[in-house]
Structure formats: structure tokens, C-alpha cells
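Analysis of the macromolecular model
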Amino acid sequence: MRRLFDEELDELDNGFTEMGILVSNVVQQSVDAFINHDRAAAQQIIDHDHDINEREIRLESKSFEIIALYQPVTTDLREVVTILKAVSDLERAGDHARNIAYATIEVKGNTRVASIESQIAQMGQLTTDMVKRAIQAYVDKDEVAAKDLVTINDQLIDFHDQIMRESYDQITKDSEVLIAAMNYNRVAGDLIRIADYLTNVGEWIVYLKTGKIIELKLMK
Amino acid sequence: MTAILETHDLHVYYGKHEALKGIDLSFEEKGITALIGPSGSSKSTYLRTLNRMNDLIPNVTITGDIAFRGQNIYAPQTDLVTLRKEIGMVFQQPNPFPFSIYDNVAFGLKLAGSQQREQLDEIVETSLKQAAVWDEVKDHLHESALSLSGGQQQRVCIARVLAVSPEIILLDEPTSALDPISSSQIEATLLKLRTDYTIITVTHNLQQASRIADRTAFFMDGEIVEVDDTKKIFMNPAKKATEDYISGRFG
């Protein structure tokens, strides 16, 4: 039996997927802008950050409305709660993409280090890939794929450590790279946070499927 | 813990129609169990067999065991008045007798031969307090119970059951004829009583079951689909049919 509730839930579900794709695109764009030293693209990301925030508020309001009007239980309730929680994670991930855009603007015109930037490009690609996988896992309601996200998260942590060490090394060799190196650190840190939030989204997908609240990073 | 009431392979037939198809269910002492299920799932039939209210229906056949404290309640030596004193029932429609509030509550005691005025006064007061209606009726005890509101009448009916000190209270959709405020007063009353009595309630109001019941049993087509802690049933039921029913996909 198709319920009125199913239509409301579909609308919420589609809204969440759309926001996921939007955040995934913004992460990709922020990494590209940083690598290509594209100040104009970075400024566009900053100017459009409010789109993500507004979507979060709309999805939250819709979730509250559904809970109040339909009083969902079991998997219905879990779907609404998953979106209500995961939407904040997506919004935070969007904030970090915006931070990367700020770093792009700040670093422009300063002495740079090509070897570190190539590592950031790889790390950025891996993060973008992870965001896409997380959104796909949500669309497929695939708890196995959701749990797998944590392995990418681990790889990113290694990248972050490496970028941090190399940045410090470069600063000691040549103080001219200070501003760039500090921003490399920041960007690597932002990418780690994005991966962290998407791991949370993975945890909510597991909750949606099983009803169990887990901590993926503690399960290794 | 041992069960206070247990049914084993309980079948009920109305003529040739099998209404209950072998129910195994046991109730621990104290607490609230809610029986839920779509109309026609025979949950009320089940409830009524627990104190033999189905005996009067023609063509009814009951097989299997119902044990109250280990004793088969369908044994020939069972005294029905005693049984229904131990296992009382509250119905969907408040059904006070057409006499005073006091006499309604004292009715069961007088039937049992208790005539001591002071003792009766005390039990009537205690029972009305337990049923959370004393403050509203204490100044009108000798007025007709029919002059009360539906919610008050229902609580007087609960007091009437409590007056004879039952162990088990059966309720058959006790709030479905009441407005939301009266319903929540009945719910609050049941939550207070759950520490001293074993309460079994049939309800169509799923939110009521989730609010007040410790355990919930889901009936469908004369069978038990699932029985578990209420939280489990409403958050993560084991059976798809349970999930579909409580999510409003059918029923």
C-alpha cells in the first residue's frame, strides 16, 4: 500500500540526495580551484556557500514536519532521523570546501611548492571520490559500501601526515614558502574533516539499514 | 521469573470458524502488555478467553490451556466469580451500573458478602484514588455514576475492578470511546497501576501502546506474529508483517 507518508519521504530523500550531489560538486570544485590557483572559481564557491546552508535548513524543517504530522516508527523513523543527522554532516563538509576556497585566495601570488601541491591534488581526488561514494551508498542504501568509507578515511589520514611533515621541512629550508605551506596544512586538514563528516554519513547509512548506532573509526 | 498467566496452544472456534490458531503466550507478573493487530485479528477474542468471558457465546469451542498461577482456568472446579475477581475486565464503553458512584465501586465487595460500612468506605476511597478519580468524585459519591463524564465513568469502572483486589486487569480498548484528555488520564492511571498489577490491554491506538506498554504482542489472522519489548517492536521489529502494520502499510 502506497501511503501519503511515502510521498513525503520520497521528497525528503530526493532533497537529501540532491544536497549530497551539490556538496560533492563543491568539494571537487574547491580542490580543482586550489590546484589550478583559480581565484575566480574559489570566490564563486564562497559566494554560493549559503545555497548549502539553506538546503540544510529546508531538509531539517521538512524532517521536523514529517515527524510531527506522521509520527513515523521503525524504518520510516530511521530514514527521517538519518537524513536529519546526515544533513548536518553534509553542511559541515560544505563549510570545509569553502575554507579550501579561502585558502586558494590567500595563497595566490605567494611562493609555492609543486611537490606538495601534487600530493594535495591526489588527496583532493581521493576525498572527492569518497564523497561521491558516500552519496552513492546513501542512494543505494548500501551498508557495506558505507562501512568501506572508513578505509579511504585512513588513507587520507596518511596523506595529511605526509603533507604536514613536508610543509614543515620546506618552511625550515625556505621561509618564503611560509604562507603557502601553512595553507597546505590547512587544506589537508579541511580534506580530513570532509572525510570525517562523510564517514559519519556512512555511520548513519548503517543505522538506517540496521538500527544500530556504530562508530566506524572504532571498529577497525 | 515465573509467569502469572500462560496460554498454550490456545484455539478458539466460533462454530467452524477458527478465530485463534494456537496461541502460546505468557505474561510475567506486573507491568503492561499491549495486544495490537488489525480488526478481525482476534486479539479481543484472546483477551476475553483469559477470564472466560467467551463462555456465554453460543457455538464457541476452546481448546488448549490457560493457566493462571499454574491452575487451568477451564477446569470444571473453577469458580467463575472468584476467577473474575482475580482477573477483572474493563470494557470499551464505560459501563457503570445505574446506581451511585459509591455503590458501583462497592458492588463486587457486597456481592462477596462484605457489609462492614467502615471497611467498605475505606476500600471505595482507596480504589477511587488508585483509579485517579477520587478528587473529582469525592463530594458526589452518592450521586449516580451515569452523571459523570465518559472519562470519569471509565475510571470509576477501573476503580470497581480494583475494589475486589484483582491480580490481573484486562482492558478491551479502554480509551477508544474517550476524548484525548480523558484517554491520557486513563493512560496515566494505568502507568501508576502497572507496578502493582499485571495489566493486559487491547488497543487500536498504536501510540498508546508505545507510550504505556512494557511489552507488545502483535496479532494477525488469529495468530501471534511477534511479541517483544515495546521498544523493540516499535523501533526494530523482527518480522516484516509487524513493521508493515505499525508503519501503517496495512490494517
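This one's a predicted model, so the numbers in the text were calculated from it and none came from an experiment.

Conventions adopted
- Residues numbered from 1 in each chain as written.
- Chains lettered and ligands numbered in written order.
- Predicted model: local features only at pLDDT ≥ 70, side-chain atom pairs only at ≥ 80, totals over all residues.
- Heavy atoms only, no water.
- Axes fitted to C-alpha atoms, helices over the stretch in contact; angles between N-to-C directions.
- Helix = DSSP H or I, 4+ residues; strand = E, 2+ residues; numbered from the N terminus.
- Left-handed = near helix turned anticlockwise from the far one by under 90°.
- Contact = heavy atoms within 4.5 Å.
- Nonpolar A, V, L, I, M, F, W, Y, C, P; charged D, E, K, R; others polar.
- pLDDT = per-residue confidence, 0-100.
- 1 Å grid on protein atoms, 1.4 Å probe; cavity = no way out; pocket = protein on both sides within 12 Å on 5 of 7 lines; lining within 4 Å.
- Points joined across faces, edges and corners; volume = space filled by probe spheres on them.
- Salt bridge = Lys/Arg side-chain N within 4 Å of Asp/Glu carboxyl O.
- Buried < 20%, exposed > 50% of the residue type's maximum accessible area, 1.4 Å probe, protein only.
- Parallel < 35°, antiparallel > 145°, perpendicular 65-115°, else oblique.
- Pairing = 2+ DSSP bridges.
- Buried area = accessible area lost by both parts, 1.4 Å probe.
- Polar contact = N/O pair within 3.5 Å; in protein donor to acceptor, adjacent residues only side chain to side chain.

All names here are of chain B. Interaxial distance between helix H3 (residues 101-111) and helix H6 (residues 150-162) falls to 7 Å at its minimum, and their mutual angle equals 30 degrees. Seen from above, H3 lies across H6 with right-handed handedness. Taking contact as the criterion, the partners of Ile 101, Asn 104 and Val 105 in H3 are, on H6, Val 156, Ala 159 and Arg 160. Per-class residue counts for the contact of H3 with H6 are four nonpolar, one polar and one charged.

To continue, consider the confidence of the model for chain B. Counting all residues, the mean pLDDT for chain B is 94, and 100% of those residues have values of 70 or more. In the model output, the complex is listed with pTM 0.86 alongside ipTM 0.74.

Before going further, it helps to examine the layout of surface pockets. Residue and element names in this part refer to chain B. One number sums up the size of the largest pocket: a volume of about 580 Å³. Counting only elements with at least two residues in the lining of the largest pocket, the list comes to helix H2 (80-86), strand E6 (87-90), H3 and H6. Broken down by element, the lining of the largest pocket gets its largest block of residues, five residues, from H2. Considered class by class, the residues forming the lining of the largest pocket number 11 nonpolar, five polar and three charged.

On to the pattern of salt bridges. Residue and element names in this part refer to chain A. Enumeration over the complete set of coordinates arrives at 31 salt bridges over all chains. Ionic pairing is found between Arg 3 and Asp 76, a salt bridge with its closest N-O pair at 2.8 Å. Taken together, the residues span a long stretch of sequence, with Arg 3 in the segment before helix H1 (4-36) and Asp 76 in helix H4 (residues 74-107) at a distance of 73 residues. A single burial state applies to Arg 3 and to Asp 76, both of which are buried. Here Glu 117 ties to Arg 112 by a salt bridge, and the two come within 2.6 Å at their closest N and O atoms. Under the relative-accessibility criterion, Arg 112 is labelled partly exposed at 22%.

Another aspect to go through is the packing of helix H5 (residues 114-140) of chain A against helix H7 (residues 178-210) of chain A. Residues and elements named next belong to chain A. At their nearest, the axes of H5 and H7 sit 10 Å apart, and the two run at 15 degrees to each other. With respect to H7, the element H5 is oriented roughly parallel. In terms of crossing hand, the pair formed by H5 and H7 is left-handed. On H7, the residues that touch Ile 116, Glu 117, Ile 120, Met 123, Gly 124, Thr 127, Met 130, Val 131, Ala 134, Ala 137 and Tyr 138 of H5 are Tyr 184, Val 187, Ala 188, Leu 191, Ile 192, Ile 194, Ala 195, Leu 198, Thr 199, Ile 205 and Leu 208. Residue composition of the contact of H5 with H7, grouped by class: 18 nonpolar, three polar and one charged.

Residue and element names in this part refer to chain B. Judged by pairing direction, the sheet is antiparallel, and its four strands sit side by side in the order E2-E1-E4-E5 without closing on themselves. Looking at strand neighbours, the two that pair on one side only are strand E2 (17-28) and strand E5 (71-72), the edges of this open sheet. Pairing analysis gives nine bridges linking strand E1 (residues 3-14) to E2, with the strands arranged antiparallel. Bridged to Val 12 within E2 is Leu 20.

This paragraph deals with the interface of chain A and chain B. At the interface, 10 residues of chain A touch 11 residues of chain B. Summed over both partners, the interface of chain A with chain B comes to about 920 Å²; 40% of that surface belongs to carbon and sulfur atoms. On the chain A side of the contact with chain B, A:Arg3, A:Val73 and A:Thr74 bury the most area, a combined 50% of that side's loss. At the junction of chain A and chain B, the tally comes to one salt bridge. Between B:Arg249 and A:Asp76 there is a salt bridge; the shortest N-O distance is 3.1 Å. Taken together, the connections running from chain A to chain B amount to nine residue pairs in polar contact (both at pLDDT 80 or more). Examining the composition of the side of chain A that touches chain B, we find that four residues originate from one element, H4(A), more than from any other. Of the residues belonging to the side of chain A that touches chain B, the class tally is two nonpolar, five polar and three charged.

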